[in-house]
Amino acid sequence: MKESVSLSAQRVWQDTPYRRIRYAWLHQSEPGPNIALLQLEQGACLPRHFHPGWEQIDVISGHIEVNGCHLFANDHIYIGKEQAHEVIAREASLYHTVSEVQGVTICDTSPASLNN
């Protein structure tokens with residue numbers, strides 16, 4: 001793989017289909033790995049979903065909950081291939097994610113946590 005650089009001054013943030021969540025690609029390749037930053041406002045939720053390969057999340061700032069596991073700045077979680085998970089921002093948060101391969105399947109578009 002050749003070098004890939006993502007400069008913050010040139011970063012393009014995009015809205016997701018989910019309220020109060022934006023992302024910016026740092027690196028994309030077919031079939032992977034794919035690397036992104038996700039920015040979540042407090043209370044935002046990525047509904048329950050899974051990926052065809054593993055995913056790793058490193059929290060840069062804030063507090064997120066992944067399947068009941070509370071993560072803060074400098075915390076890391078490894079999520080195995082096809083393991084369903086949802087992400088809830090307990091406070092405004094920024095995290096770095098690496099996905100082994102492209103693809104996501106949404107399990108539930110209206111998780112109970114959205115009603116909290």
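Look a little higher up for the structure.
Residues numbered from 1 in each chain as written. Predicted model: local features only at pLDDT ≥ 70, side-chain atom pairs only at ≥ 80, totals over all residues. Heavy atoms only, no water.

Comments concerning the overall build of the chain
- On a plain count of helices and strands, the chain comes out with 0 helices and 9 strands.
- Listed by position from the N terminus, the elements making up the chain come as β-β-β-β-β-β-β-β-β.
- At 14 Å, the chain has a C-alpha radius of gyration in line with the 13 Å of a compact globule built from 116 residues.
- Projected onto its principal axes, the C-alpha coordinates of the chain cover approximately 45 × 30 × 25 Å.
- Burial statistics for the chain: of 116 residues in total, 38% are counted as buried.
- Counted over contacts in the chain with a minimum sequence separation of 6, partners at least 24 positions apart contribute 63%.
- Approximately 6,800 Å² of the chain is accessible, and the part contributed by carbon and sulfur atoms is 49%.
- Taking the average location of the 8 positive side-chain charges in the chain and that of its 13 negative ones, the two points are 5 Å from each other. (Helix = DSSP H or I, 4+ residues; strand = E, 2+ residues; numbered from the N terminus. Rg over C-alpha atoms; globule rule 2.2 N^0.38 Å. Buried < 20%, exposed > 50% of the residue type's maximum accessible area, 1.4 Å probe, protein only. Contact = heavy atoms within 4.5 Å. Areas by Shrake-Rupley, 256 points an atom, 1.4 Å probe, with all protein chains shown as cover. Lys, Arg positive; Asp, Glu negative; His and termini not counted. Charge placed at Lys NZ, Arg CZ, Asp CG, Glu CD.)

Considering the pattern of salt bridges
- With the rule as written, the count across this model stands at 1 salt bridge.
- A salt bridge links Glu-65 to Arg-90; its shortest N-O distance comes to 2.6 Å. With Glu-65 in strand E5 (residues 55-66) and Arg-90 in strand E8 (residues 85-99), this pair connects stretches of sequence that are 25 residues apart.
- By relative accessible area, which is 14% here, Glu-65 ends up buried.
- Look at Arg-90 and you get partly exposed, because its relative accessible area is 32%. (Salt bridge = Lys/Arg side-chain N within 4 Å of Asp/Glu carboxyl O.)

From the geometry alone we can't say anything about function, so treat these as descriptive.
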